[in-house]
Amino acid sequence: MMSEILLSLDNLNKSFGALRATQDVSLDLRAGEIHALIGPNGAGKSTLIGQIAGNLRPDTGSIQLVGQELTSMSVAQRARLGLGRSFQVSSLAEPLSVMRNVMVAVQALQGHSFRFWKPVNHDRSLLEPAYEALERMQLTHRAWTPVSELSHGERRQVEVACALALKPRALLLDEPMAGLGPEGSAHLTELLETLKLEVPILLIEHDMEAVFRLADRISVLVAGAVIAHGDSATIRQDPRVREAYLGD
Amino acid sequence: MSVTLLIEQLINGLQLGTMLFLMASGLTLVFGVMGLINLAHGSFYMVGAYATAVVSAASGSFLLGLAAGVIAAAATGALVELIVIRRLYHRPHLDQVLATFALILIFSEGTRWLFGSSPLWLNPPEWLNGFATLPGGARYPIYRLVIIGVGIAVAIALYVVISRTRLGMRIRAGESDREMIGALGVNIAKLYTLVFAMGAALAGLAGAMVGALQSVQVGMGEPVLILAFVVIVIGGIGSIKGALFGAILVGVVDTLGRVYLPALFNNFMPASEATAIGAALAAMLIYILMAVILAFKPKGLFAAHD
Amino acid sequence: MTNLDSSSTAEPGVAQHRARWHDRKGLVQIALLAGLLLVPIGLHLLGHVYYVNLASKVTLIAMAAVGLNLAIGYGGMVSFGHAAYFGLGGYVAGISAYHAFDATALITWPVSIPGSDNMLVIWLAAIVLCGLLALAIGAISLRTTGVYFIMITLAFAQMVYYFANSWPSYGGEDGLPIYLRNGLPGLDTNDALTFFLISFAGLVLAMAITSRLMKSRFGAALTMARLNDTRLATAGINPYPIRLAAFVISAMITGLAGALYADLNGFVSPSMLSWHFSGELMVIVILGGVGRLYGPLAGAVLFVMMETLLGGLTEYWQLFLGLLLLVVVLFAKHGVMGWLAGREHDE
């Protein structure tokens, strides 16, 4: 059965001078799945994420979210349309509480931010959705703690909570397991497995164990191009993937 | 508008441009290598001029004074780097702006305390007092031509130092990768002091040479400093090539604007109004130029880092 | 849902940091504001008009710094050109008064507008014009960041400075006197205490607006733009218009202070537009404590006191200002308010 396609990349190309960082990349993300994107260092993963998130503009090709053309939109516009994103390196505002970090995303969802009068700290229409997102990540006990006092794993969870607060149609998670340790990694894996049923996840991950366990489909990026595509079993056995990862 | 006037004004613009380049190259080098914004650069200009004026007056030799001015500026620069500036490299730009603003207050008021508020007089040497005949027949002061020559010589010397010597290699490495030159065993602290002193020496040289054209007084470095900022913003902060191009552009546009804009307005409005509007517009011209360039290239024409 | 309100949580949340009138920070703030209000009133009763005018000066400089603090402290936009708005506000007061005095038209085309000596009209004009100037300057400058932003705001302010300097109609570099202080219906603005109270009301209003603004959604977005603009964009809010709006509001506050300052001195000149003044405003914000509501007030009190006391002792007082500033920047980053009232938090 084919489920609904929420995010699709169509023939993306991006070059920096002579370097072709992205070559004819096409892939999609369907409802209810985790689609993992893997590849050795320098394969062009960051460049591809940049194009999806809106930091970079592709030279040719298109990106669509639920049928909407994203290609010429800014980062903020894409986020408002429902593209949630977490970063490889934590991008939270350290001095602020967890709640305030999440609330900004809720704020964006409710229209423009040129509201100068009502204090946010007593605004239930902001607090409640933010609290809900924290509940989903089992973080409510840390709601008013400054991010700077959180552990590495908790920060990862806050990042995902921020993305969830946008009520996203698709999630783009950039190495969420990095630096987590076995316990934190297992915890997050569990969370992602239930999360994907609501929001499909495009997962960029280095931790192969996690990828093979979590992903419904895997695409392998090497030298800017997708060289293999399929489920875990297929990818494990693909000779080109083995060559790219194990060969010289 | 005669061709003679145009040539004369072009050379005036070139002279202003070469002086701006001496100021801007130090500023841009310090920013490119150390990531530091230094408002006190104009103080080195002033120190150079004062030292030159004092030593010239005492010894009767302009050249001796000039050497003293350059050395005094370099020494002041090195000292300031050792005491204050090196604490600022890892600080936010706001702190750098304020600390170097504090240095301006200290240098300006300190100089006023030592030398008083009235300007010192510094004359170009006798043997440079003559005039040269320009193509078209105008007579032009030799000293100003010499200033242009010195400016061009410094530009060439800087190019050679940066592209051909070990010091230049380290400076270029420092721009692109601070950790790497640390790992290569280069003493970064010493390199920074040296680069800073070098920038100060160039500012001192500019101050000394211009001091002989205008007067040597407290605050003389400030208008030049702000023009130099415009230059490096236009050229792209951190780029020596950008500083050279920007300096000549600003020098020529500013000089020609002041001469030709009032005349231009004279064509379609009464003379008194034309002079007023033309002069006001000419004073704003380089800032308008900067705004236009930045509207298209927010990082300047020769952005060093993208 | 019990954990929603930050004040009901057991965690070390934001509520504990908020000023209460009876804690140290609250006391320092009340003392500052009450001192600024009561000391001039007392001195006025004793007949020292000079000190009342000095207090007006402190108040208006503080108000200009409140504007700058919104840009630098709350918005993270290091503007080195706020003298442009202070001076423009001043020139609005000066030029309007000049034409009212002469009974000539301010402009004749496309419609004829006479000058006005009504402060309300002047304030409105100053706020609108400073907002428009900041909109134009900010729109270009905010495309850049870091050192570029600092230098570009400086350069634009210099542009305004040189324009005022070389435009002869309103005094050029000699400046423009205001022969009769502009008036407010029903009040005697020539009375030093009345003028001080008007200025004081302006300062309190500017601080109240800043405070309210920073607690609102706009303030939350601006805080995030300063701390982490990637986060803000990823959350779906474009940082650029948020910053631009804050920059414009900041300029309006500084411009209004400038309009009053020109009336206080009965004179406006390009020195109000000079880059030295932009630098001094930054110094005041930093001395007081950057990004703190009462920082500009503390900074202005300290600055004008130093100017008056040290300036009375030595002609070279700015040398000592420079040394103090250097020490504060290098070693005491939280300013006077940080020292008196403890550290500030962003929520």
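Residues numbered from 1 in each chain as written. Chains lettered and ligands numbered in written order. Predicted model: local features only at pLDDT ≥ 70, side-chain atom pairs only at ≥ 80, totals over all residues.

## Notes on the overall build of chain B
Logical step 1: Helix and strand counts for chain B stand at 11 helices and 2 strands.
Logical step 2: When the helices and strands of chain B are listed from N to C terminus, the series reads α-α-α-α-β-β-α-α-α-α-α-α-α.
Logical step 3: Here chain B has a C-alpha radius of gyration of 20 Å; the compact-globule value for 306 residues is 19 Å, and the two agree.
Logical step 4: Along the longest, intermediate and shortest principal axes, the C-alpha atoms of chain B span 65 × 50 × 35 Å.
Logical step 5: Split into buried and exposed, the 306 residues of chain B put 50% on the buried side.
Logical step 6: Long-range contacts, defined here as pairs at least 24 residues apart, represent 76% of the contacts in chain B between residues at least 6 apart. (Helix = DSSP H or I, 4+ residues; strand = E, 2+ residues; numbered from the N terminus. Rg over C-alpha atoms; globule rule 2.2 N^0.38 Å. Buried ≥ 20, exposed ≤ 12 C-beta atoms within 10 Å, placed from the backbone. Contact = placed C-beta atoms within 7 Å.)

## Structural notes on the interface of chain C and chain A
Logical step 1: Listed as interface residues are 32 residues of chain C and, on the opposing side, 37 residues of chain A.
Logical step 2: For the side of chain C that touches chain A, the secondary-structure elements that each account for two or more residues are helix 6 (192-215), helix 7 (217-227), helix 8 (229-234) and helix 9 (239-265) of chain C.
Logical step 3: Sorting elements by how many residues they give to the side of chain C that touches chain A places helix 7 of chain C first, with 6 residues.
Logical step 4: Across the side of chain C that touches chain A, the residue classes tally to 15 nonpolar, 10 polar and 7 charged. (Nonpolar A, V, L, I, M, F, W, Y, C, P; charged D, E, K, R; others polar.)

## Notes on helix 12 (residues 317-331) of chain C
Logical step 1: Taking 1.5 Å as the rise per residue, helix 12 of chain C with 15 residues should run 21 Å; its terminal C-alpha atoms sit 21 Å apart, in good agreement.
Logical step 2: Listed as buried for helix 12 of chain C are Gln318(C), Leu319(C), Leu321(C), Gly322(C), Leu325(C), Leu326(C), Val328(C) and Val329(C).
Logical step 3: Turning to helix 12 of chain C, the residues buried within the fold contact helix 4 (93-115) of chain B together with helix 10 (275-288), helix 11 (295-313) and helix 13 (335-341) of chain C. (Expected span 1.5 Å × (residues − 1).)

## Remarks on helix 11 (residues 271-296) of chain B
Side chains that are three or four residues apart share a direction in an α-helix, a result of its 3.6 residues per turn.
Logical step 1: Taking 1.5 Å of rise per residue, the 26 residues of helix 11 of chain B would be expected to cover 38 Å, and the 35 Å separating its terminal C-alpha atoms lies within 8% of that figure.
Logical step 2: Of all the positions in helix 11 of chain B, only Gly278(B), Ala279(B), Ala280(B), Ala282(B), Ala283(B), Met284(B), Ile286(B), Tyr287(B), Met290(B) and Leu294(B) are classed as buried.
Logical step 3: Where helix 11 of chain B is buried, its residues contact helix 9 (221-235) and helix 10 (240-266) of chain B together with helix 4 (119-141) and helix 5 (146-166) of chain C.

## Considering the nonpolar core
Logical step 1: Core analysis: the largest hydrophobic core is formed by 306 residues, its most contacted members being Val102(A), Met23(B) and Val230(B).
Logical step 2: Mapped onto the domain boundaries, this core takes at least three residues apiece from domain 1 (1-82 + 168-248) and domain 2 (91-167) of chain A.
Logical step 3: If we ignore the near neighbours within four places in the chain, the residues touching Met23(B) are His41(B), Tyr45(B), Ala203(B), Ala206(B), Val224(B), Leu225(B) and Ala228(B). (Core = buried A, V, L, I, M, F, W, Y, C linked by C-beta atoms within 7 Å. Domains from an automatic or database assignment.)

## A closer look at the sheet that holds strand 10 (residues 225-230) of chain A
All names here are of chain A.
Logical step 1: Taken in spatial order, the 6 strands of this open sheet run 6-7-8-3-9-10, and their pairing is mixed. If you trace the sheet from one side to the other, it starts and ends with strand 6 (83-86) and strand 10, each paired once. Mean inter-strand twist for the sheet, computed between neighbouring axes without regard to direction, equals 20 degrees.
Logical step 2: In this structure, strand 3 (residues 34-38) lies alongside strand 9 (residues 217-222), joined through 4 bridges in parallel fashion. (Pairing = 2+ DSSP bridges. Axes fitted to C-alpha atoms, helices over the stretch in contact; angles between N-to-C directions.)

## Details of the environment of Ile277(B)
Logical step 1: Examined against the element boundaries, Ile277(B) turns out to sit in helix 11.
Logical step 2: On a C-alpha basis, the gap between Ile277(B) and Val160(B) in space is 44 Å, while along the polypeptide they are 117 residues apart.

## Thoughts on the UniProt feature "transmembrane region" (unreviewed entry) in chain B
Residue and element names in this part refer to chain B.
Logical step 1: The positions UniProt marks with the feature "transmembrane region" (unreviewed entry) are residues 20-41, 61-85, 97-122, 142-162, 191-213, 225-253 and 274-296.
Logical step 2: In the segment residues 142-162, helix accounts for 100% and strand for 0%; the C-alpha atoms at its two ends are 30 Å apart.
Logical step 3: End C-alpha atoms of residues 225-253 are separated by 17 Å, and the span's content is 86% helix alongside 0% strand. (UniProt positions renumbered as here; feature names shortened; annotations may be inferred.)

## Some details on the interface of chain B and chain C
Logical step 1: Taken together, the contact pairs 35 residues of chain B with 38 residues of chain C.
Logical step 2: For the side of chain B that touches chain C, the secondary-structure elements that each account for two or more residues are helix 4, helix 9 and helix 11 of chain B.
Logical step 3: Broken down by element, the residue count for the side of chain B that touches chain C peaks at 15 residues, all from helix 4 of chain B.
Logical step 4: By residue class, the composition of the side of chain B that touches chain C is 29 nonpolar, 2 polar and 4 charged.

## Describing unusual backbone geometry
Logical step 1: Not every positive phi belongs to a glycine, and Asp24(A) is a case in point at roughly 45 degrees.
Logical step 2: Asp24(A) sits in the partly exposed class, given 14 other C-beta atoms within 10 Å.

## What about the domain arrangement of chain A?
Residue and element names in this part refer to chain A.
Logical step 1: Per the domain assignment, the segments of chain A are domain 1 (1-82 + 168-248) and domain 2 (91-167).
Logical step 2: Summarising the inter-unit geometry, the C-alpha centres of domain 1 and domain 2 are found 25 Å apart.
Logical step 3: Every contact between the two is made by 11 residues of domain 1 and, on the other side, 10 residues of domain 2.
Logical step 4: Elements represented by at least two residues in the side of domain 1 that touches domain 2 include exactly helix 2 (75-81) and helix 6 (181-195).
Logical step 5: The biggest single contributor to the side of domain 1 that touches domain 2 is helix 6, with 3 residues.
Logical step 6: When its residues are assigned to classes, the side of domain 1 that touches domain 2 shows 7 nonpolar, 3 polar and 1 charged.

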